[in-house]
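So the chains spell out like this:
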Amino acid sequence: MVSFKDLPEEELFLAGSTACQGCPSSLALRIAFKALGSNTILIVVASCTSVLQGSYPLSAINLPLMNVAFATGGASASGVAAGVKALVKRGELAEEPTVLVWAGDGGTYDIGIQSLSGAAERETDFIYVCYNNEMYSNTGTQRSGATPLGAWTTTTPGGKVQHRKDIAQIMIAHRIPYVATASLAYPLDFYQKMQKAKGIRGTKYIEMLAPCPPGWKFPSAQMIEVSRLAVQSGMWLLYENEDGETRFTGGTKRIIEGKVKKKPVKDYLEMQGRFRQVLASPEGQEAEDLLEEQVSDSIRRLHGWVPEYI
Amino acid sequence: MRVLETGNHLIALAAEASRVEVVPAYPITPQTQIIEKVAELIDEGRMNAEYIPVESEHSACAALVSASLTGARAFSATSAHGLAYMHEMLHYAAGIRVPVVMANVNRALGPGWNIWCDHQDSISQRDTGWIQVYVAGHQEAVDTLIQGFRITEDHSVLLPLMVNLDAFVLSHTYMDAEVPSREDVDRYLPPYKPLWKLDPRLPVTHGSVVYPADFSETRESMQLGHKNAREVIREAAREFEDVFGRRHGDLVEGYLLDDAEYLVMAMGSLSAESRVAIDRLRESGVKAGLLRVRFFRPFPTEELRTLCRDRASIMVIDRDVSYGMEGALFSEVKAALYGHADVPVRNLIVGIGGRDVTYELIADMAQKAWNGEIGDVTWGDSHTTESHRVTREMLCEFDRLFESEKEVR
Ligand SMILES: Cc1ncc(C[n+]2csc(CCOP(=O)(O)OP(=O)(O)O)c2C)c(N)n1
Ligand code: SF4
Ligand SMILES: [Mg+2]
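Read on for an overview of the structure. (Residues numbered from 1 in each chain as written. Chains lettered and ligands numbered in written order. Predicted model: local features only at pLDDT ≥ 70, side-chain atom pairs only at ≥ 80, totals over all residues. Heavy atoms only, no water.)

1. Brief notes about the interface of chain B and chain A
- Taken together, the contacts link 42 residues of chain B with 42 residues of chain A.
- Put simply, chain B and chain A have five salt bridges between them.
- Those elements that place two or more of their residues in the side of chain B that touches chain A are strand S3 (50-53), helix H3 (57-69), helix H5 (87-95) and strand S9 (205-206) of chain B.
- Taken together, the residues of the side of chain B that touches chain A break down into 22 nonpolar, eleven polar and nine charged.
- Bridge count for strand S2 (residues 65-68) of chain A against S9(B) is two bridges, and the pairing is parallel. Bridge pairing in S9(B) places Leu65(A) opposite Thr205(B). (Contact = heavy atoms within 4.5 Å. Salt bridge = Lys/Arg side-chain N within 4 Å of Asp/Glu carboxyl O. Helix = DSSP H or I, 4+ residues; strand = E, 2+ residues; numbered from the N terminus. Nonpolar A, V, L, I, M, F, W, Y, C, P; charged D, E, K, R; others polar. Pairing = 2+ DSSP bridges.)

Now the structure itself:
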């Protein structure tokens, strides 16, 4: 077990970023960098992270960093991985650095899925982190394929009527060696998953739920609390999948094992302004039921059955 | 090494001789043979490169850019819809200033699927910031690809470079050509020394947000790169001639220009056909000459101003059209000459979608153009008939059909 004392002191995410208060992406970057160290090449896909790193000529990120076009996370990683391989062959580099792609849910679920899928199928050696704030934040809160049913966005003014897709499972279907989900309320769990991913060759996919205060409409001081409730309510399941075997971790593990009781989805929804409208509407109960059903369905798919105590 | 090969295979061999290290690519007719050859060379251990089998051209160009930014020498190839699909990334490559070389096999864009040659694909990418060169023969394709790396990797340039070769006419025809060995190329092309790159030893952020206070300067520097490229292109051609004894011109190439009163201007393989037309015209006593534009970007403005002065008349051949205007080369030529040479210029649009263009047609149309017997812009080989037009009557026919269907329902 790692403890906070084991985390390296070196900060590769520097002060002076232009992120909002309580930004989940910034905190996740900070932890990820500590897990991967400085021999890392970072690729940032068009998203809030393209902006929060600071603007030219300053940068809050002390790693070699390439900002890439929205649809190109996977392909850019394939290019960098092939490039550094060539440099090692030529004797220019002693070893291949870790290649890390950092993308939002829009750049992952929607426009970038083809390129990510291609890179996974090519077995490109890299870590892909999707920080999932369940919407297009950078362009001002539009729906994405990750937006949950019922959530308000500017393009779902009456609340989204479809469920989100399950991209972690899509990545598992690629039979890549490592897929994991993570939460900022369980930072050591995330840290360990990043470290583990670093030690595995091939494509690694890690998805972090990223509650975004301005987009989800909750006070920025509650970012960790919302993250925790997402797990406690089952709306975000923590697990890792190594070579096809799924193992629950963190708060989800405790729920599945019956050590703690799963909280109602409603508790989680009520913390966020984006669900207020749908909860207050005549369809509020139906939306809540549909989301509860989806939690059960997700557990069933991952675990095989839903224990009666959940 | 002298080989008998297709234009496509020669491109692959030239990439190998240039010590290309990364090749991301996606197949499209008529480029396919290039990447198949690259894959084969790598598989046989004859080429020391990483082949990235990407899932689209958008990804091909993304990987090309990111591989190059690590400091590796990167190359790709595409055509038509593939090039169009790359459009966003073409801007990216130029904007992030990576010295990559890509072969584009010039092919028509659908709809109306057409795999044959015209220049609509690359002309449509005119303003992406890429250097564009159009070759007229097989040997020139080899030599230009090698020179391409020499040009783009020059620190005063650092702009991606597109070598355009005509579909089938060059890509699929066999011709014997000299392919220099890697060691020979080493005498001409030094290893790539990046000015900036992705390296954990010197962490630098590339391509972050740039505000209006700085953005314009980054674009002005690309324009400066093109300006510098003009001299580097000339130098690259001179040095190539010193080492290999072959020359295909620099930004332009002339044929029987000295005493010519009448000029034909063209790009790509149609210039080879035009040479024959010029010979025929000379035989019949017309003082004709050919000015071939090799580099479309940077545009040979100075060369044209000097070489077009004191001519009687010029015909510009375009294998493309900027819809609603005219042939793209024609516009550029007039813009370059405006205020510098008082000479009538007319435009011949031919060879669209692979339509065969003969030297007879070129000679005939050139004489008409020079004598002012045809309009400013002429579709030289057009045989548009009623069947090509959607008539008012046809539209009414559809209306009647819908009306009668409604009645039935
Ligand atoms: C081809 C293309 N289309 C649209 C955009 C505009 N755009 C930039 S970021 C973004 C949304 C990003 O959403 P996500 O990936 O979820 O990241 P977030 O902003 O939420 O962090 C969009 C639509 C773009 N950059 N490129
Ligand atoms: S909008 Fe959300 S994801 Fe974007 S910088 Fe602000 S807190 Fe972070
Ligand atoms: Mg998002």
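2. Some thoughts on the sheet that holds strand S15 (residues 345-349) of chain B
Residue and element names in this part refer to chain B.
- Strand order in the open sheet formed by six strands is S10-S12-S11-S14-S15-S16, with mixed pairing between adjacent strands. Each edge of the open sheet carries a strand with a single partner, namely strand S10 (252-255) and strand S16 (377-379). Between one strand and the next, the sheet's axes are offset by a mean angle of 20°, whatever the strand orientation.
- When strand S11 (residues 262-266) meets strand S12 (residues 288-293), the two strands line up parallel, connected through five bridges. Bridge assignment links Val 264 to a residue of S12, and that residue is Leu 290.
- Sitting on the sheet, helix H12 (residues 328-337) is in contact with S11, S12, strand S14 (313-318), S15 and S16, with an inclination near 145° to S14. (Axes fitted to C-alpha atoms, helices over the stretch in contact; angles between N-to-C directions.)

3. A short note on the sheet that holds strand S4 (residues 75-78) of chain B
Residue and element names in this part refer to chain B.
- Pairing in this open sheet of five strands is mixed, and the strands run S4-S5-S7-S6-S13 from one edge to the other. In this open sheet, the two edge strands, each paired with only one partner strand, are S4 and strand S13 (295-297). Recorded for the sheet is a direction-independent mean angle of 20° between the axes of neighbouring strands.
- Note that strand S6 (residues 131-134) and strand S7 (residues 161-166) share four bridges and pair parallel. In the sheet register, Tyr 134 faces S7, and the bridge partner there is Asn 164.

4. Regarding the site of ligand 1
- Taken together, the neighbourhood of ligand 1 is formed by 17 residues, with Asp105(A), Gly106(A), Tyr131(A), Ser137(A) and Asn138(A) sitting nearest.
- Looking at what sits near ligand 1, you find residues from chains A and B.
- Within the backbone of Gly106(A), a nitrogen or oxygen atom sits 2.8 Å from an oxygen atom of ligand 1.
- The backbone of Asn138(A) places a nitrogen or oxygen atom 2.7 Å from an oxygen atom of ligand 1.
- Protein contact buries 76% of the 590 Å² of open area that ligand 1 shows by itself.
- Class assignment for the residues of the shell around ligand 1 results in seven nonpolar, eight polar and two charged. (Near = heavy atom within 4 Å. Polar contact = N/O pair within 3.5 Å; in protein donor to acceptor, adjacent residues only side chain to side chain. Areas by Shrake-Rupley, 256 points an atom, 1.4 Å probe, with all protein chains shown as cover.)

5. Concerning the pattern of salt bridges
Residues and elements named next belong to chain B.
- Using the criterion set out here, one finds 56 salt bridges over all chains in the structure.
- In this structure, Arg 2 engages Glu 178 in a salt bridge whose closest nitrogen and oxygen atoms are separated by 3.6 Å. Note that Arg 2 is positioned in strand S1 (residues 2-6) and Glu 178 in strand S8 (residues 174-178), a separation of 176 residues in sequence.
- For Arg 2, a relative accessible area of 53% translates into the label exposed.
- Taking the relative accessible area as the measure of exposure, Glu 178 reaches 22% and is therefore partly exposed.
- Between Lys 334 and Glu 326 there is a salt bridge whose closest N-O contact spans 3.1 Å.
- Judged by relative accessible area, Glu 326 falls into the buried class, the value being 7%. (Buried < 20%, exposed > 50% of the residue type's maximum accessible area, 1.4 Å probe, protein only.)

6. Brief notes about the coordination of the magnesium ion (ligand 3)
All names here are of chain A.
- Donor atoms from the polypeptide that bind the magnesium ion (ligand 3) are Asp 105 (OD), Asn 133 (OD1) and Met 135 (O), placed at 2.0 to 2.1 Å.
- Read from N- to C-terminus, the donor residues coordinating the magnesium ion (ligand 3) fall into the pattern D-x27-N-x1-M. One end of the pair, Asp 105, is in the loop between strand S3 (98-104) and helix H4 (106-110); the other, Asn 133, is in the loop between strand S4 (126-132) and helix H6 (167-172), and 28 residues separate them in sequence. The exposure classification of Asp 105 matches that of Asn 133, with both residues buried. (Donors = N, O, S within 2.8 Å, 3.2 Å for Na, K, Ca; no water.)

7. Comments concerning the nonpolar core
- Grouped together as the largest cluster of nonpolar side chains are 179 residues, with contacts concentrated most on Trp102(A), Phe190(A), Met194(A), Tyr205(A), Phe75(B) and Trp130(B).
- If you tally residues by element for this core, the top one is H3(B), at eight residues.
- In this structure Trp130(B) touches Cys61(B), Leu64(B), Leu90(B), Ala93(B), Ala94(B), Val100(B), Met102(B), Pro160(B), Leu161(B), Met162(B), His226(B) and Arg297(B), once residues within four positions along its chain are discounted.
- If you look at the next biggest cluster of nonpolar residues, it comprises 25 residues, including Ala260(B), Ala328(B), Ala336(B) and Leu337(B). (Core = buried A, V, L, I, M, F, W, Y, C linked by side-chain atoms within 4.5 Å.)

8. Notes on the site of ligand 2
- Close contacts around ligand 2 come from Cys20(A), Cys23(A), Pro24(A), Cys48(A), Asn133(A), Ser137(A), Cys212(A), Pro213(A) and Pro214(A), and that covers them all.
- Taken together, the residues of the shell around ligand 2 sort by class into seven nonpolar, two polar and no charged.

9. Re the packing of helix H3 (residues 73-90) of chain A against H3(B)
- Axis separation between H3(A) and H3(B) bottoms out at 7 Å; the angle between their running directions is 40°. One element, H3(A), and the other, H3(B), form an angle in the oblique class. Between H3(A) and H3(B) lies a crossing of right-handed hand. Contacts between H3(A) and H3(B) pair Ala75(A), Ser76(A), Gly79(A), Val80(A) and Gly83(A) from the former with Ser59(B), Ala62(B), Ala63(B), Ser66(B) and Ala67(B) from the latter.
- Classifying every residue of the contact of H3(A) with H3(B) gives five nonpolar, five polar and no charged. (Parallel < 35°, antiparallel > 145°, perpendicular 65-115°, else oblique. Left-handed = near helix turned anticlockwise from the far one by under 90°.)

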